[in-house]
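Next come the chains, spelled out residue by residue.
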Amino acid sequence: MSDYAQRLEALAAAAADRCTGCGHCFEACPTAREIGLAADEAGARIGELVALTRGETPAAPLRQWLDACDGSARCTAACPEDINVRQWVTIAKMKALEATRAREVGAANAAGRFRHMAQAVRLLASMQLPSETLKKILAPAERRTADVLFYTGCNVLRTPHIVLNVMDILDALELDFDVVGGTAHCCGVYQFQEADMPTYERMGHRTFQRFGQSGASKVLTWCPTCTKNFDELEESVEPAAFDMGHVSEFLAANLDALRARFRPDQPRRRVVIHEHLGIGATLESIRALLSAVPKLELVELAQDSGFSYACGGQAAKFRGREQAIHRALAEGAVAAGADTIVTMYHSCHRALAGAEAVHPGLTVVNFTDVLAEALGRGGHPDYYRLYKKGGAMDEAVAAARRFLSDNGVRIDETSVKSLTADIFDETGLAGGREAFAQAFTAMAKTG
Ligand code: SF4
Ligand code: SF4
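Model, not experiment: these values are computed from the prediction. (Residues numbered from 1 in each chain as written. Chains lettered and ligands numbered in written order. Predicted model: local features only at pLDDT ≥ 70, side-chain atom pairs only at ≥ 80, totals over all residues.)

Caption draft 1: Here's a closer look at the overall build of the chain. Helices and strands together make up the secondary structure of the chain, namely 24 helices and eight strands. For 447 residues, the compact-globule formula gives about 22 Å, and the C-alpha radius of gyration of the chain, at 22 Å, lands near that figure. Reported as C-alpha extents along the three principal axes, the dimensions of the chain are approximately 60 × 45 × 45 Å. In the chain, 78% of the contacts between residues at least 6 apart in sequence involve partners at least 24 apart. (Helix = DSSP H or I, 4+ residues; strand = E, 2+ residues; numbered from the N terminus. Rg over C-alpha atoms; globule rule 2.2 N^0.38 Å. Contact = placed C-beta atoms within 7 Å.)

Structure below.
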C-alpha cells in the first residue's frame, strides 16, 4: 500500500474511532432517503460503515448507501462530533469497491469516463476560446511563477466565458496571478470514484503536488468537485505549503476592494441565486458579493439546496429529483417577480442556461458575469447559453468557425452528434436540440 493510501486509511480509521454511532448523519442523508433506506435504521448502517472501515466485507445496504452518495455533506453538517462524514463516506465507498470488484474494471470505467469528458471539453473549449488563451490555461502548473494560481479544473472549459470573467475580476483587483487548468491538471475524480488508486495518484494527487511546485502561496479553485476533492483527499491527508480555497470566498474576503471598483450604472435586476450547500462558504460568499452590486436586489426563494453540492456529477443519478429542482427554481423565480437566475457553478450554469427557452422573461447568468460587468469588464459571449436556448445559431457558429480554425481543430459530423447528446441529455431546462445539431452539422460538412 502506498504512503498516500495509508494516510487515507488512517483518516477513515480516526473517523470510525471517534464515531459514537448516534446516526444523525445517516438520518440527514437526502440520497439515502431518495433510494428508500429508512432513517430509523441509522444504527445498523453506521455499524456497517465502521465495520467496513475496520476491514470487514461491506454489507449490501451499506453499499447501496455509499453508491447513492452525491456528496451533499448534509451528514457532515449533522454530526455532533465534528467528523467529516462526507470524507469518511467517500473513502469507504472507494474501499467497498476495492473489496468487491477487480481493479481493472474500475480502471476501465474511469478511463472511459475521462476520455469522454476530455473530448467534450477539448471540442467545446476550442469552439469558444482563442488559442492564445487556451494555451495559457493549459500550460504546466509547475512552470508558473505568479504568487496566486487560479485553478479552473477541466469542466468549466465547456463554458469558458466563466473563466474569462474570473480573470477579468482578478485583473481588476490588480492581482499577480496565473490561470491553470484543463485535463492535464485533472483532480482525478473519476479515478477515485472508480477506486483506480494507482491512476488517481498519478493524476489528482500529482496535480495537487504540481501546485506546490509552482511556488504559489495561494491556489484559488473554481470547480466545486475539485475544491471538495483537494480539500478532503489531499489537504486533509497532508497539509500543503500553499493556501487553497474557492475563488468566491477569496472575492468575498476582498469585497471592500471590489465594492470600491463597482460602477454605479448597473442594470436593475431582481435576482434569485440557484443555491447549493456543501462547498465551504461559497453560498454565503456569493450572496455577499451580489448584495454589494449596485441596483441588484436579491429575491429569497425556498429551495432544495441541500440535495447536492452542485448540479450534475454524482447528483445526475437522480434525474427526476434534479429536474424537479430546476423546474421549481425557474417557476419560483418567475412567480416571485425575479428577472434573473444567478448560477454558482459551471455544471449548474449548463443545466439552467436554456431556461430562457421555457421562461422567456428570465435571464440566466453566472455570478461571475454579474461581478465582471459591475467592474466595467466581462461581456464575454455565453455561447453555451445560445446552444441550450435552441434559437438562431448564426452567432455561435460564426464564433466556433473562427475559434476552431485559430485552435487548429476540425469538427466532424460524429463529433457534433456526440456533443449534441452531451449538451442536451444533461438534466436541466433547454430549448430543442435540433437548432444546435443542424447548424453545427452543416458547419462540420462545410469545414
Ligand atoms: S455526502 Fe450527502 S449524500 Fe453522501 S452520505 Fe453524506 S449526506 Fe448522504
Ligand atoms: S453523526 Fe457523527 S458521531 Fe453520529 S453516527 Fe454519524 S459520524 Fe458517527
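Next comes the rest of the account.
Caption draft 2: Up close: helix H1 (residues 3–18). If you check H1, its first and last C-alpha atoms are 23 Å apart, about what 16 residues at 1.5 Å a residue would give, namely 22 Å. When H1 is considered as a whole, its buried residues turn out to be Leu8, Ala12 and Ala15. One side of H1 holds all its buried residues, which, seen down the axis, span an arc of 55°. Exposed residues on H1 whose side chains face more than 90 degrees from its buried face are Asp3, Gln6, Ala10, Asp17 and Arg18. (Expected span 1.5 Å × (residues − 1). Buried ≥ 20, exposed ≤ 12 C-beta atoms within 10 Å, placed from the backbone. Arc of directions from axis to C-beta.)

Caption draft 3: Here's a closer look at the sheet that holds strand S8 (residues 363–366). In space, the four strands of this open sheet follow the order S6-S5-S7-S8, with parallel pairing throughout. Looking along the sheet, the strands with just one partner apiece sit at the ends: strand S6 (296–298) and S8. When the angles between neighbouring strand axes are averaged without regard to direction, this sheet yields 35°. Of the strand pairs in this sheet, strand S7 (residues 340–343) and S8 are connected by four bridges, and their pairing is parallel. Paired with Thr343 across the bridge in S8 is Asn366. (Pairing = 2+ DSSP bridges. Axes fitted to C-alpha atoms, helices over the stretch in contact; angles between N-to-C directions.)

Caption draft 4: The site of ligand 2, seen in detail. In the vicinity of ligand 2 there are 13 residues, among which Cys19, Cys22, His24, Cys25 and Cys79 approach most closely. Classifying every residue of the shell around ligand 2 gives eight nonpolar, four polar and one charged. (Near = placed C-beta within 6 Å. Nonpolar A, V, L, I, M, F, W, Y, C, P; charged D, E, K, R; others polar.)

Caption draft 5: The arrangement of the nonpolar core in detail. Of all hydrophobic cores here, the largest spans 135 residues; its most connected members are Leu149 and Leu290. For this core, the domains that each give at least three residues are domain 1 (3–100) and domain 2 (103–253). (Core = buried A, V, L, I, M, F, W, Y, C linked by C-beta atoms within 7 Å. Domains from an automatic or database assignment.)

Caption draft 6: Main features of the site of ligand 1. Taken together, the neighbourhood of ligand 1 is formed by 14 residues, with Cys29, Cys69, Ser72, Cys75 and Arg86 sitting nearest. Elements supplying a minimum of two residues to the shell around ligand 1: helix H3 (30–34), helix H6 (74–78) and helix H7 (85–100). Top contributing element to the shell around ligand 1 by residue count: H7, with three residues. Here the residues of the shell around ligand 1 sort into eight nonpolar, three polar and three charged.

Caption draft 7: Main features of the sheet that holds strand S2 (residues 177–181). Reading across the sheet, the four strands line up as S2-S1-S3-S4 and stay open at both edges, with parallel pairing between neighbours. The open sheet has two edge strands, S2 and strand S4 (243–246), and neither has a second partner. Strand-to-strand twist of the sheet, defined as the mean angle between neighbouring strand axes without regard to direction, takes the value 25°. Pairing analysis gives four bridges linking strand S1 (residues 148–153) to strand S3 (residues 218–221), with the strands arranged parallel. Note on S3: the bridge partner recorded for Tyr151 is Thr221.

Caption draft 8: The domain arrangement of the chain, seen in detail. Taken as a whole, the chain is organised into domain 1 (3–100) and domain 2 (103–253). Placing a centre on the C-alpha atoms of domain 1 and another on those of domain 2 gives a separation of 27 Å. Those elements giving two or more residues to the side of domain 1 that touches domain 2 turn out to be H1 and H7. The dominant element in the side of domain 1 that touches domain 2, judged by the number of residues it contributes, is H7, at six residues.

Caption draft 9: Focus on unusual backbone geometry. The residue Glu174 is not glycine, and still its phi comes out positive at about 55°. Tracing the sequence through the fold places Glu174 in the loop between helix H10 (161–172) and S2. One non-glycine residue, Ala195, lies in positive phi territory at about 60°. Residue placement: Ala195 occurs in the loop between helix H11 (189–193) and helix H12 (197–214). For Ala195, a count of 22 C-beta atoms within 10 Å puts it in the buried group.

Caption draft 10: Representation of the pairing of S2 within the structure. Where S1 and S2 come together, five bridges link them in parallel fashion. Residue pairing in the sheet places Phe150 in a bridge with Val179 of S2. Following the chain from S1 across H10 to the adjacent parallel S2, one finds a crossover that is right-handed. (Right-handed = clockwise from strand over helix to strand, strands pointing away.)

Caption draft 11: Looking closely at the packing of helix H4 (residues 42–53) against H7. For the pair H4 and H7, interaxial distance at closest approach is 10 Å and the crossing angle is 65°. For the crossing formed where H4 meets H7, the hand is left-handed. For the pair H4 and H7, the contacting residues are Leu49, Leu52 and Thr53 in the first and Ala92, Lys95 and Ala96 in the second. Broken down by class, the residue content of the contact of H4 with H7 amounts to four nonpolar, one polar and one charged. (Left-handed = near helix turned anticlockwise from the far one by under 90°.)

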